[in-house]
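One-letter residues, chain by chain:
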Amino acid sequence: MSKVLKHHPALARLSAFEQAVLAVVRRVPRGRVTTYQELARAVGTPQAARAVGNALHKNPCAPAVPCHRVVKSDGALGGYGGGSPKKIALLSREGVQVRVGRVQQFGSVLFEF
DNA sequence: CTATTGACGACAT
DNA sequence: CATGTCGCCAATA
């Protein structure tokens, strides 16, 4: 039985905004990606793409909460707490190919809320 | 309360 | 196409 994942202790220490971001990113399916900007819109603050990135940076339970499926609005990779190589590997494992720092077939793998 | 920081975005160069 | 600048926002010092 997996013991974590239901309510990670560090999760309760996050702000409402940060928790909202993590809750939403959780619905991005395997093999798809979303963007910092889309997430910002989804939580009701369309201009907070940057703040969304900061929130994801604090994700205490990655990669269970799939913050690795979040990229920049132009399809560029974006950041990752565990390092770019790790993010690329996780995506690759789900069938999302990254070439020269860009998500291939960005338009078709992009998940819209 | 003000200042700084950062997994961003749009635009100019 | 690559890089720099500036604006935006929430968290934190």
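Above this text is the structure in question.
Residues numbered from 1 in each chain as written. Chains lettered and ligands numbered in written order. Predicted model: local features only at pLDDT ≥ 70, side-chain atom pairs only at ≥ 80, totals over all residues. Heavy atoms only, no water.

Novice: For the overall build of chain A, give the residues involved together with the corresponding values.
Specialist: Looking only at helices and strands, one finds five helices and four strands in chain A. When the helices and strands of chain A are listed from N to C terminus, the series reads α-β-α-α-β-α-β-β-α. In terms of overall size, chain A behaves like a compact globule, its C-alpha atoms giving a radius of gyration of 13 Å where 113 residues would be expected to give roughly 13 Å. For chain A, the spread of C-alpha atoms along the three principal axes comes to 35 × 35 × 20 Å. Across chain A, the fraction of contacts at a sequence separation of at least 24, relative to all contacts at a separation of at least 6, is 64%. Computing the positive centroid from 17 side-chain charges and the negative centroid from 5, chain A places the two 8 Å apart. (Helix = DSSP H or I, 4+ residues; strand = E, 2+ residues; numbered from the N terminus. Rg over C-alpha atoms; globule rule 2.2 N^0.38 Å. Contact = heavy atoms within 4.5 Å. Lys, Arg positive; Asp, Glu negative; His and termini not counted. Charge placed at Lys NZ, Arg CZ, Asp CG, Glu CD.)

Novice: Give a description of the packing of aromatic side chains that names residues and reports values.
Specialist: Evaluated as defined, the whole model comprises one aromatic pair. Ring plane angle 85° and centroid distance 5.3 Å describe the contact between Phe 111 and Phe 113, whose orientation is recorded as edge-to-face. (Phe/Tyr/Trp six-rings, centres within 6.5 Å; stacked < 30°, edge-to-face > 60°.)

Novice: Go over the environment of Ala 10 with me, naming the residues and quoting the values.
Specialist: By the secondary structure assignment, Ala 10 is in the segment before helix H1 (16–25). Residues Ala 10 and Lys 58, 48 residues apart in the sequence, show an inter-C-alpha distance of 9.6 Å.

Novice: Can you explain the nonpolar core? Please cite residues and give values.
Specialist: If you look at the biggest cluster of nonpolar residues, it comprises 19 residues, and the most contacted ones within it are Val 21, Val 25, Leu 39, Val 52, Leu 56 and Val 70. Mapped onto this core, the elements with two or more residues apiece are H1, helix H2 (36–42) and helix H3 (49–57). Sort the elements by how many residues they give to this core and H1 lands first, with four residues. Within the second largest apolar cluster, 10 residues are counted, among which are Val 98, Val 103, Phe 106 and Val 109. (Core = buried A, V, L, I, M, F, W, Y, C linked by side-chain atoms within 4.5 Å. Buried < 20%, exposed > 50% of the residue type's maximum accessible area, 1.4 Å probe, protein only.)

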